[in-house]
Amino acid sequence: MRAETGRAGDRVTVRAAAKINLHLGVGARRPDGFHPLVTVYQAIGLYDDVTATPVAPGAGWSVRTTAEADVDLDTLADDDSHLALRAGRLLAAHHGVEAAAHLEVRKEIPVAGGMAGGSADAAAALVALDRLWELETSDDDLLALAAELGSDVPFALLGGTALGTGRGELVAPIEDRVDLWWVVVPHEIGLPTPAVYRAFDRLAARAGPSPSVDTASAETASAAGLVDALAAGDAARTLARLHNDLAAPAYALRPDLAERAALLADAAGRPEQPVLLSGSGPTQLLPFTDVERARAVVRALTERGIAHRLAPGPVAGAHVVVEHG
Ligand code: C5P
């Protein structure tokens, strides 16, 4: 058993970013129920902060979540199923730490929005507790623990722009010389990820194997143009290559999202640029290379009463922002 490592009064806050998928290629369902992915992740400037505080010896784990005014917490559990809490317990078990901690989660990332907010909380909790308890967990171990918690959690540690394979948990940074501004449009009603994957399975069964999602190698090839464009700093080619295989099933489940996409393209004054769905949705995204143009669209959305955020990408992964000793 490890000694109690948190000194009373210590407190560590870690910030983790929302993720979007610039490319999301999905293959046929694996026997374990997950889908093989080839994805290009990007971390964008919407953040959750997790503050870890020590508790008295013998006290249990606890978590409290608060949010920005426009983030709906109704579907989020403050119990053992909270991903930040699961992350804390997993890190403690990994190191044989017997102490528990209290976690304060301040959410800016939409809940059930397809932006991996829960994964960001888990990644932030891992880093915060690693620092609070001075565990110095290796990067490889942190990534492995993150992968146990969820497919998107390793990327939340990494941030930036990265290629994701496996079920999304195998991440490798890629060169990205394109700076983008994302107009992020959350939706009041969330969309559970498993339901979107089930809809994907139904569409795939009806259509037969799609050449673009049939094999991992074909998928890697389909992301190659985007990866090249990012490395070359070619913004126009990057925007032309944005792609999400979960858009069709998400829109099949939620026809209102297709209507919203048309409305957004109209507000943006460019019907030629398709609106990108964020992960499994329902959050929708409009990319801009020019911040002034993005701000004009922000004004148009404000006039139409459509809630939105403006966020730059790429940004850093989970990192310590405050440490009180
Ligand atoms: O890994 P994570 O817990 O985030 O996944 C949530 C759900 O999303 C899974 O239970 C599964 O239904 C679906 N999923 C999938 N294939 C992936 C990732 C997630 O089918 N690659």
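The residue count restarts for each chain, going from 1 along the sequence in the order it is written. In keeping with the predicted nature of the model, local features appear solely for residues at pLDDT of at least 70, side-chain atom pairs appear and are counted solely at 80 or more, and the whole-chain, interface and lining totals rest on all residues. Hydrogen atoms and water are omitted, and side-chain values are computed over all heavy atoms in the structure.

### Structural notes on the overall build of the chain
And step 1. Segments assigned H or I by DSSP are reported as helices when at least four residues long, segments assigned E as strands when at least two residues long, and all are numbered from the N terminus. Each helix and strand counted, the chain has 10 helices and 12 strands in total.
And step 2. For each residue, the accessible area found with a 1.4 Å probe, counting protein chains only, is set against the maximum for its type, and the residue is called buried under 20%, exposed over 50%, and partly exposed in between. Out of the 325 residues in the chain, the part that is buried amounts to 51%.
And step 3. Residues are treated as being in contact if the distance between any of their heavy atoms lies within 4.5 Å. For the chain, the proportion of contacts with a sequence separation of at least 24, taken over those separated by at least 6, is 78%.
And step 4. Here the chain has roughly 14000 Å² of accessible surface; of this, 53% comes from carbon and sulfur atoms. To be clear on the numbers: accessible area is Shrake-Rupley with a 1.4 Å probe, and residue cover counts the displayed protein chains and nothing else.

### Some points on the side chain of Asp176
And step 1. Tracing the backbone through its elements, the reader meets Asp176 in the loop between strand 6 (170–173) and strand 7 (180–185).
And step 2. For the charge count, each Lys or Arg is scored as positive and each Asp or Glu as negative, with His and the chain ends excluded. What makes a salt bridge here is a side-chain nitrogen of Lys or Arg within 4 Å of a carboxyl oxygen of Asp or Glu, nothing more. One buried charged residue, Asp176, forms no salt bridge at all, with the nearest opposite charge on Arg177 at 8.3 Å.
And step 3. A distance of 2.6 Å separates polar atoms of two side chains, one belonging to Asp176 and the other to Thr161. Distance and chemistry together define a polar contact, namely a pair of N or O atoms within 3.5 Å, with one atom able to donate a hydrogen and the other to accept it when in protein, and with adjacent residues in sequence counting only for side-chain atoms on both sides.

### A look at the site of the ligand
And step 1. Whether a residue is near a molecule or strand depends on its heavy atoms: if one lies within 4 Å, it is near. Residues in contact with the ligand, as listed here, are Gly33, Phe34, His35, Leu37, Gly150, Ser151, Arg167, Thr193, Pro194 and Tyr197.
And step 2. Contact between the ligand and Ser151: an oxygen atom at 2.5 Å from a side-chain N or O atom of the residue.
And step 3. Note that a nitrogen atom of the ligand is positioned 2.9 Å from one of the backbone N or O atoms of Arg167.
And step 4. Contact with the protein chains hides 73% of the accessible area of the ligand, taken as 450 Å² for the molecule alone.

### Quick notes on the nonpolar core
And step 1. Buried Ala, Val, Leu, Ile, Met, Phe, Trp, Tyr and Cys residues that are joined via side-chain atoms within 4.5 Å together make up what is termed a nonpolar core. In this structure, Leu103, Met115, Leu129, Trp133 and Trp182 are the most contacted members of the largest nonpolar core, which totals 61 residues.
And step 2. Per-element tally for this core: the top contributor is helix 2 (residues 117–132), with 10 residues.
And step 3. The contacts of Met115, once residues within four sequence positions are left out, are Ala18, Lys19, Ile20, Ile44, Leu46, Ile109, Pro110, Val184, Ser278, Thr283 and Leu285.
And step 4. Ranked by size, the runner-up nonpolar core spans 15 residues in total, among them Ala265, Val275, Val298 and Ile306.

### Regarding the layout of surface pockets
And step 1. What the largest pocket holds in volume is close to 1100 Å³.
And step 2. Lining the largest pocket we find 42 residues, and of these Ser119, Asp152, Thr193, Pro194 and Ser280 sit closest to its centre.
And step 3. Elements represented by at least two residues in the lining of the largest pocket include exactly strand 1 (11–26), strand 2 (37–54), helix 1 (83–95), helix 2 and helix 5 (193–207).
And step 4. Element by element, the count of residues in the lining of the largest pocket is highest for helix 2, at 4 residues.
And step 5. In terms of residue class, the lining of the largest pocket is made up of 18 nonpolar, 18 polar and 6 charged. Here a cavity means grid points, on a 1 Å grid over the protein atoms only, where a 1.4 Å probe fits yet cannot get out; a pocket means an open set of points with protein on both sides within 12 Å along at least five of seven lines; lining residues are those with an atom within 4 Å of a point. Grid points are joined across faces, edges and corners, and a volume is the space filled by probe spheres set on the points. Three classes are used, and their members are as follows: Ala, Val, Leu, Ile, Met, Phe, Trp, Tyr, Cys and Pro are nonpolar, Asp, Glu, Lys and Arg are charged, and the others, Gly among them, are polar.

### Let's talk about the packing of aromatic side chains
And step 1. Here the aromatic set is Phe, Tyr and Trp, taking the six-membered ring for Trp, and pairing holds for ring centres within 6.5 Å; pairs whose planes are under 30 degrees apart are stacked, those over 60 apart are edge-to-face, and all others are tilted. For the structure on display, the rule yields 2 aromatic pairs.
And step 2. A ring pair is formed by Tyr41 and Phe155, whose centres lie 4.6 Å apart and whose planes are at 10°; its orientation type is stacked. Taken together, the positions of Tyr41 in strand 2 and Phe155 in helix 4 (residues 153–158) put the pair 114 residues apart, joining distant regions of the chain.
And step 3. With a relative accessible area of 2%, Phe155 lands in the buried category.

### Re empty space enclosed by the protein
And step 1. Considering all chains together, one arrives at 1 cavity of 30 Å³ or more under this definition.
And step 2. What the largest cavity holds in volume is close to 30 Å³.
And step 3. Taken together, Ala17, Ala18, Lys19, Ala43, Phe155, Ala156, Gly159, Ala316 and Gly317 make up the lining of the largest cavity.
And step 4. Contributing elements (two or more residues each) for the lining of the largest cavity: strand 1 and helix 4.
And step 5. It is strand 1 that contributes the most residues to the lining of the largest cavity, 3 residues altogether.
And step 6. Looking at the lining of the largest cavity residue by residue, the class counts come to 6 nonpolar, 2 polar and 1 charged.

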